[in-house]
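# Fold and geometry: a report
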Amino acid sequence: MARIVLDGEPIEIATDGASLLGVLRDQGRSVPSLCYHPRLGPLETCDTCLTLVDGKLVRACATALRDGMRIETRDPTVLSAREAAIARVTQDHEFACTICDRNNGDCELHNLAVATGVTHQDFRPKPYPIDDSNPFYSYNPSQCILCGRCVEACQDVVVNEVLHIDWTLNPPRVVWDHGTPIDRSSCVSCGTCATICPVDAMMEKSMRGRAGHFSDLAPVTRDRLVRWTKSASPDLTPLWVTSELEAATRSASIRRTKTVCTFCGVGCSFEVWTRGREVLKVLPKPESPANGIASCVKGKFGYEFVNSPNRLTEPLLRKGHEFVTADWEEALDRVAARFREIRERHGPDSIAVIATCTGTDEEAYLTQKFARQVLGTNNVDNCARYCQAPATTGLFRTVGMGADAGTIDDIERAELVMTIGSNAAEAHPVLAARVKRAQKLRGTKILVVDPRRHELAERADLFLSPRPGTDLVLLNAVARYILDQGWEDRTFIRDRTVNFEKFRDALERYTLDFAVTVTGLSREEIVRMAEMFHEARSACILWAMGVTQHQNGSDTSTAICNLLLVTGNFGRPATGGYPLRGHCNVQGVSDFGCLPTFLPGYERWDDPIARQRVEKEWGTPLPTKKGLTSTEIVDAILDGRIHALYILGEDKLLADADEAKVAKAFEKIDFLVVQDLFLTRTAQHADVVLPVAASLEKEGTFVSTERRLQRLYPAFPPLGHARTDGDIVIDLARRLGFAWEYPGAKEVLDEVARVAPIFAGASFARLEGFSSLLWPIAADGTDTPTLHLDRFHFPDGKAHFFPVDWSEPTATGPEFDLELDNGRLLEHFHWGNLTYETGGIRHKVPGTFVELSPSLAAERGVREGEWVRLVSSTGSLRARAHITERVRDRTLFLTLHDRGESAVNRLTSDVRDGPTTTPDYKGARVRLERIEPAGPIESPVAVSNPRGKPREPQRGVRVDAKWARPDYRFPGS
Amino acid sequence: MAKAISTRPLPPANGSRRARTGASVSEALDASADSLRNLLELIRLLDEKGFLRLGTDVLRSEDRMISVLTERVDPADVRALVRSVQRLGAVLGPVEPEAARWLGRRLPNALQGARQGEAEPPLAALDILKALSEPDVNRGVRMVLGFLRGIGRDPDR
Ligand code: SF4
Ligand code: SF4
Ligand code: SF4
Ligand code: FES
């Protein structure tokens, strides 16, 4: 409680220490501000918020409320100081609002100028040209008010550490690296600077010349018009009127729609601005629960695919050796007839369904209902099989629930964040940004276990690279060392776990010596890792494909959970295990039942109570035979058990291990239906191809890696004759004799709430706009940001230690002498079906490459950019070489992003993780052959690629340097 | 047996839907009268330059504009502005396409002809043509042109 005197009146404020700016606004005082943003905090660069406190002018944004303060907001000193500050800001920005693309009612400088009655300006252009070099956004120094928001965002929010303001320049300006052109700098094009800029200085190029009615004037015409206007009168008042009206007219045709990102599983939500089908910009919002103002290049700029001429717009039917277009009637009749025929002939389990992980939850629910009710089979799976199924197994074994233990906030608050087998800075960039921020601003420790020296590894306090496939040994050895030292959390183990003794006994052989021999790490490294767990009061472990896509993926995931349990890092805020989800809705498609062994809401398929609940709702019995996994489905096609396959939005040919094997299966199958946005490599094998809507074209919900349900709304209708996955499935169900009635996605979610207890309280109304809920969601709408706080998800409420043992992975012959790691780059998404459609992304990363270490390159005589051939026991491919220190010794890294001759799954084998049948994608061994160059060679890493360019870290915008300038005068002084 | 087929049939008319729409309208109009084609070209140009969109936006945002005028702006400025608009509107009068008036009289018939010949659902361009023939849209276009020309001008000077 603070007692203050505000403009002569004594009042009481409940929150002592709150920001004065907020308090004054709550009290109905209008205080201008420009540099302040709630997601950035006070930057103190603009001085527009000056206020008298105890007789002294202070910046309200940077002042905390204290008991006894005397505050004046109406005093002439205050008003004239603010006026001086605003006048100085307007020297840096020319008002031409009617022809500015930022004039959409949300330009903060325009609004401030109108609100404070600015009538004149003394504009001083800066002598620097516009930097237009980056494909996605540009910077106009002459319009830059030097507020520093972009710098703060780049340095301390997304922590890409590219931008700073060079306060020593005259006049100062924003610079990239050392004054490098944007496109040649270390900028990763995340767009956060453009999102947060209060004016048009830093702006998305998709807005430039397109948002305004007359903003596409040629620069010379624009300048002439502005000059002409100014010579007529320096008074800005008519400009305010005109531009306010113009902004009002724009708002009629610019639609703002809330959406959720269609790429990775972080769950960034945005407002997408469209005019007709044109995407003007994608705007992260302060209220976006997972990302706030942050984004990555894909989520912010990667939407050209939506209007690509390559998109499918009509159904296609295979006729002999070609596809012919068909109307929906004909196409769906064909699908229904063939499914009916095959079911009658070979039984319901001769058909299988692969659900899409980029469709909505409601579509996922309908897809599994289609498989189970309409076709009568549990053969339904999704791409979690390729990635996080082993992680889920590890979690189910130990804590009873196969999902992230908490939220990104929990991760950010942990004292220790360990990542293992995850290149989060590229695969989950916005989540990784929170980890980088925690380290930079709060000293959180980062521990990275990975074969590759990626960005988080570079930043890590400890970076370990055990021999591929031996992570399990490291984890067990660290657990054992912790026990040997007596560092385990005994109270937690006693009160909240069972099976501890069995676990301890099973660690017998995991001595430091054993671990050193197997992992290739030093004793000191392993001990240091144990010490870091011991020193941290809270720890989270994040993992991804580098763990799960191994023969022992489930066991290694289990070992991760055991280590967390032994150190008491589960069931409390800021602790726990976090498998990071790769696709926007791979979490949701699993949660909503597209798994052979789980009904919606992770109710076991053979649990009588769950079955009864679903059967009652559906009015039909559920299939009684256990279903096949996605990888088993391929085997079943080859051995004649599966005759028809219905694939929704999955490029299975490229996604499965051993491409040649899958191609053989697709050539053998009797009937293949594929629905997708593009004629993917998988769709090329189909008998019927159905064109579907993109996420921007439909409504529903996604579940992000945090278990967070969020709504997306349609920004425009589907392209051409494409239809949503949900519509198509409903139509097919009807054709096959089930009178499904779903007026919209809302009713589907209502049904899910009735059949799946973890979604009992989920509803469209509760998820309106940017609201979100983290499951389990109780019937009254209470959600669960952090799991296991009171009890673990076992009948006894305890966590279960689950001992796991390591065995040497199945080896291939000695001729395959190199380990092949593979994974994502920041800019692309999987095979690139979506991302290669965006010109700017192609410019940044035109294609894939294989990374090899300088020592290996020297040994084999391979030069940067040369083609090499990689040969494994299953196949071979050609790729261009990139020599880098990111990989070591005899490990290669091949990016995933190719659909043709460099597609990685030409090399991987179908060896699998036992419990989940997830392929051992990361265990491939290859040999490398140099291909004699036929002509000149050039690096596959474009000069515009940010990789390897040094970052320029600093804290914030360094306003002290501004204040130290000889021309700076504190307003009012 | 399903070998990969990597090519797909071309969409009915290559290119964007908008281009297709334009082509089919022009075909329909072609059938009606030659002179309509010139008009269509003019309208297409107007559309391309954003004038038509602007006009419809003005209409759609009428409420907000009024509230902007009444709430955020000094009444004296509003009076000055209205004078400015009137004057600019008058200046623009002769520039304003003769065609638009002509269109108002003639187009409905031509459009009907075009619609009957169309198998496709109502086309966006047709709707725009129709909208332009409405006096309100016309007024909107003119008004905004006036505003934009009047950037920063003090009408009493
Ligand atoms: S990385 Fe590039 S796009 Fe992202 S905030 Fe920094 S400068 Fe801006
Ligand atoms: S470019 Fe950066 S410093 Fe300049 S106005 Fe925009 S956010 Fe502020
Ligand atoms: S790809 Fe992932 S990190 Fe990037 S914007 Fe989308 S959800 Fe966010
Ligand atoms: S808002 Fe306080 S100094 Fe800028």
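A few points on the structure. (Residues numbered from 1 in each chain as written. Chains lettered and ligands numbered in written order. Predicted model: local features only at pLDDT ≥ 70, side-chain atom pairs only at ≥ 80, totals over all residues. Heavy atoms only, no water.)

### So, the overall build of chain B
Counting its secondary structure elements, chain B contains eight helices and zero strands. Reading the helices (α) and strands (β) of chain B from amino to carboxyl end gives α-α-α-α-α-α-α-α. In chain B, which comprises 157 residues, the share counted as buried stands at 38%. Counted over contacts in chain B with a minimum sequence separation of 6, partners at least 24 positions apart contribute 76%. When the accessible surface of chain B is totalled, it reaches about 9,400 Å², and 54% of it is carbon and sulfur. (Helix = DSSP H or I, 4+ residues; strand = E, 2+ residues; numbered from the N terminus. Buried < 20%, exposed > 50% of the residue type's maximum accessible area, 1.4 Å probe, protein only. Contact = heavy atoms within 4.5 Å. Areas by Shrake-Rupley, 256 points an atom, 1.4 Å probe, with all protein chains shown as cover.)

### Some thoughts on the sheet that holds strand 10 (residues 255-260) of chain A
All names here are of chain A. Across the sheet, three strands lie side by side as 10-11-12; this open sheet has antiparallel pairing. Looking at which strands have only one partner, the edges of the open sheet turn out to be strand 10 and strand 12 (278-284). In this sheet, neighbouring strand axes are inclined to one another by 30 degrees on average, regardless of whether the strands run parallel or antiparallel. Across six bridges, strand 10 lies against strand 11 (residues 269-275) in antiparallel orientation. The residue bridging Lys-258 from the neighbouring strand is Glu-271, located in strand 11. (Pairing = 2+ DSSP bridges. Axes fitted to C-alpha atoms, helices over the stretch in contact; angles between N-to-C directions.)

### Some points on the packing of aromatic side chains
Residue and element names in this part refer to chain A. If you walk through the whole model with that rule in mind, you get 25 aromatic pairs over all chains. Between Phe-492 and Phe-792, the ring centres sit 6.3 Å apart and the planes meet at 85 degrees, which makes this aromatic pair edge-to-face. Note that Phe-492 is positioned in helix 17 (residues 490-496) and Phe-792 in the loop between strand 30 (772-774) and strand 31 (799-800), a separation of 300 residues in sequence. Classification of Phe-792 as buried rests on a relative accessible area of 0%. Consider the rings of Phe-598 and Tyr-602, whose centres lie 5.6 Å apart with planes at 75 degrees: the pair is edge-to-face. No difference in accessibility class separates Phe-598 from Tyr-602, as the two residues are buried. Joined through ring pairs, the aromatic side chains of Phe-396, Phe-592, Phe-598, Tyr-602, Phe-759 and Trp-775 make up one cluster. Across the ring face of Trp-740, the terminal group of Lys-369 is positioned such that the distance to the ring centre comes to 5.2 Å. (Phe/Tyr/Trp six-rings, centres within 6.5 Å; stacked < 30°, edge-to-face > 60°. Lys NZ or Arg CZ within 6 Å of the ring centre and 35° of its normal.)

### A short note on the nonpolar core
In terms of nonpolar packing, the biggest core is built from 203 residues, with A:Phe339, A:Phe370 and A:Met529 touching the most fellow members. For A:Phe370, the residues in contact, after removing those within four places along its chain, are A:Phe339, A:Leu375, A:Tyr646, A:Val729, A:Leu732, A:Ala733, A:Leu736 and A:Trp740. (Core = buried A, V, L, I, M, F, W, Y, C linked by side-chain atoms within 4.5 Å.)

### Examining the site of ligand 3
Residue and element names in this part refer to chain A. What surrounds ligand 3 is the set Cys-261, Phe-263, Cys-264, Gly-267, Cys-268, Phe-270, Cys-296, Lys-298, Gly-299, Pro-429 and Val-430. Only helix 8 (297-301) and helix 14 (429-442) provide two or more residues apiece to the shell around ligand 3. Of the residues belonging to the shell around ligand 3, the class tally is eight nonpolar, two polar and one charged. (Near = heavy atom within 4 Å. Nonpolar A, V, L, I, M, F, W, Y, C, P; charged D, E, K, R; others polar.)

### A look at unusual backbone geometry
Residues and elements named next belong to chain A. Each neighbour pair has its own omega, and for Asn-170 with Pro-171 the value is -5 degrees, a cis peptide bond. That bond from Trp-775 to Pro-776 is cis: its omega, 0 degrees, falls within 30 degrees of zero. You can see Pro-776 is positioned in the loop between strand 30 and strand 31. At His-788, a residue that is not glycine, the phi angle is positive and equals roughly 65 degrees. Here His-788 lies in the loop between strand 30 and strand 31. One non-glycine residue, His-830, lies in positive phi territory at about 45 degrees. Mapped onto the elements of the fold, His-830 is located in the loop between strand 32 (818-823) and helix 30 (839-844). Judged by relative accessible area, His-830 falls into the buried class, the value being 12%.

### Structural notes on the sheet that holds strand 16 (residues 380-381) of chain A
Paired through their backbone hydrogen bonds, the strands of a sheet run either parallel or antiparallel. Residues and elements named next belong to chain A. The strand order across the open sheet formed by seven strands is 14-13-27-26-25-15-16, and the pairing between neighbours is mixed. Because the sheet does not close on itself, it has two edges, and the strands there are strand 14 (322-325) and strand 16. Relative to strand 25 (residues 644-648), strand 15 (residues 351-354) runs parallel, the two being bridged by four bridges. Opposite Val-353, over in strand 25, you have Tyr-646 as the bridge partner. Packing of helix 25 (residues 630-638) onto the sheet brings it into contact with strand 15, strand 16 and strand 25, and relative to strand 15 it is tilted by some 145 degrees. Against the sheet, helix 28 (residues 725-735) makes contact with strand 25, strand 26 (671-676) and strand 27 (688-691), and its axis sits at roughly 150 degrees relative to strand 25, the strand it touches most.

### Examining helix 10 (residues 361-375) of chain A
All names here are of chain A. Between the first and last C-alpha of helix 10 there are 20 Å, a value that for 15 residues agrees with the 21 Å anticipated at 1.5 Å per step. The sharpest bend along helix 10 reaches about 30 degrees and sits at Lys-369. Within helix 10, 15 of the 15 residues are buried, which leaves it mostly tucked inside the rest of the structure. Remark: Gly-376 follows helix 10 within two positions and exhibits a positive phi of approximately 85 degrees. (Expected span 1.5 Å × (residues − 1). Bend = angle between axes of the 7 residues up to and from the residue.)

### Description of the pattern of salt bridges
Residue and element names in this part refer to chain A. Applying the stated criterion across every chain yields a total of 75 salt bridges over all chains. Between Arg-459 and Glu-161 there is a salt bridge whose closest N-O contact spans 3.0 Å. Of this pair, Arg-459 sits in helix 15 (residues 455-459) while Glu-161 sits in the loop between helix 4 (149-157) and strand 7 (163-166); the two residues are 298 residues apart in sequence, bridging distant segments of the chain. Taking the relative accessible area as the measure of exposure, Arg-459 reaches 15% and is therefore buried. The buried category is assigned to Glu-161, whose relative accessible area is 4%. Among the ionic pairs, Glu-531 bridges to Arg-528, the shortest N-O distance being 3.0 Å. Of the two residues, Glu-531 and Arg-528 both sit in helix 20 (residues 523-535), three residues apart, roughly one turn of that helix. (Salt bridge = Lys/Arg side-chain N within 4 Å of Asp/Glu carboxyl O.)

### Considerations on the side chain of A:Thr786
Residue and element names in this part refer to chain A. By secondary structure assignment, the location of Thr-786 is in the loop between strand 30 and strand 31. Judged by relative accessible area, Thr-786 falls into the buried class, the value being 13%. There is a polar contact of 3.0 Å between the side chain of Thr-786 and the side chain of Asp-410. (Polar contact = N/O pair within 3.5 Å; in protein donor to acceptor, adjacent residues only side chain to side chain.)

### Details of the packing of helix 25 of chain A against helix 27 (residues 659-668) of chain A
Residue and element names in this part refer to chain A. Packing of helix 25 against helix 27 brings their axes to within 9 Å, and their N-to-C directions diverge by 55 degrees. Judged on the interaxial angle alone, helix 27 and helix 25 are oblique. Here the hand of the crossing between helix 25 and helix 27 comes out left-handed. Counting all contacts with helix 25, which are made through Val-634, Asp-635, Ile-637 and Leu-638, the residues of helix 27 involved are Lys-661, Val-662, Lys-664, Ala-665 and Lys-668. Among the residues forming the contact of helix 25 with helix 27, the class breakdown is five nonpolar, no polar and four charged. (Parallel < 35°, antiparallel > 145°, perpendicular 65-115°, else oblique. Left-handed = near helix turned anticlockwise from the far one by under 90°.)

### Structural notes on the state of the cysteines
Summed over the entire model, instances satisfying the criterion amount to zero disulfides over all chains. Of the cysteine sulfurs around A:Cys97, a residue in no disulfide, the closest is that of A:Cys107, at 6.4 Å. (Disulfide = S-S within 2.5 Å.)

### Some thoughts on the environment of A:Trp867
Tracing the backbone shows A:Trp867 in strand 34 (residues 867-871). On a C-alpha basis, the gap between A:Trp867 and A:Val850 in space is 9.3 Å, while along the polypeptide they are 17 residues apart.

### With respect to the pairing of strand 25 of chain A
Residue and element names in this part refer to chain A. Most of strand 25 is tucked away: five of the five residues are buried. Of the two faces of strand 25, the one carrying Ala-644, Tyr-646 and Leu-648 and the one carrying Leu-645 and Ile-647 are both buried. Judged from the five bridges that link them, strand 25 and strand 26 form a sheet pairing that is parallel. Across the sheet, residue Leu-648 finds its bridge partner in strand 26, namely Gln-675.

### Comments concerning the pairing of strand 22 (residues 576-579) of chain A
All names here are of chain A. Because side chains alternate across strand 22, one face comprises the buried residues Gly-576 and Tyr-578, and the other comprises Gly-577 and Pro-579, equally buried. The pairing of strand 21 (residues 539-543) with strand 22 spans four bridges and is parallel. If you follow Leu-542 over to strand 22, its bridge partner there is Tyr-578.

### Here's the deal with helix 27 of chain A
Regarding helix 27 of chain A, the residues found buried are A:Glu659, A:Lys661, A:Val662, A:Ala663, A:Ala665 and A:Phe666. Buried residues in helix 27 of chain A make contact with helix 25, strand 25, helix 26 (652-655) and strand 26 of chain A.

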